[in-house]
Amino acid sequence: MRYIALFALMLGSPLALASTECTTADRSTWQDPEQFQAQLKEQGYQISKFKITKGNCYEIYGFDKDKRKVEIYHDPVSGKAIKTEIED
């Protein structure tokens, strides 16, 4: 029973619902998704999955030039990586 209560508290916490926010800029200012992915591929990335998140990020799943598994959130306006997770 304790575990159920703990799980319910975790689900209700703001941290459990937090998502990565990349921009509030109008979508007309965003980089073209296909061109953005092409630029990453030129840098050696292999993209398995690409999506636009609720936090207005370009999110990629795939591999970097060193063949490490990555998940990266990018600002769609600047292209800057906002959050990177690397699995060695």
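Residues numbered from 1 in each chain as written. Predicted model: local features only at pLDDT ≥ 70, side-chain atom pairs only at ≥ 80, totals over all residues. Heavy atoms only, no water.

By the naming in an unreviewed UniProt entry, the protein is PepSY domain-containing protein, taken from Phytopseudomonas seleniipraecipitans.

A. Summary view of the state of the cysteines. Enumeration according to the criterion identifies one disulfide in this entry. Between the sulfur of cysteine 22 and that of cysteine 57 lies a disulfide, 2.0 Å long from S to S. Measuring the twist about the S-S bond at about 95 degrees, one finds the cysteine 22-cysteine 57 disulfide to be right-handed. Placement of cysteine 22 in the loop between helix H2 (14-17) and helix H3 (33-42) and of cysteine 57 in the loop between strand E1 (46-52) and strand E2 (58-63) is noted, with a sequence separation of 35 residues between them. With respect to burial, cysteine 22 and cysteine 57 carry one shared label: buried. (Disulfide = S-S within 2.5 Å. Helix = DSSP H or I, 4+ residues; strand = E, 2+ residues; numbered from the N terminus. Buried < 20%, exposed > 50% of the residue type's maximum accessible area, 1.4 Å probe, protein only.)

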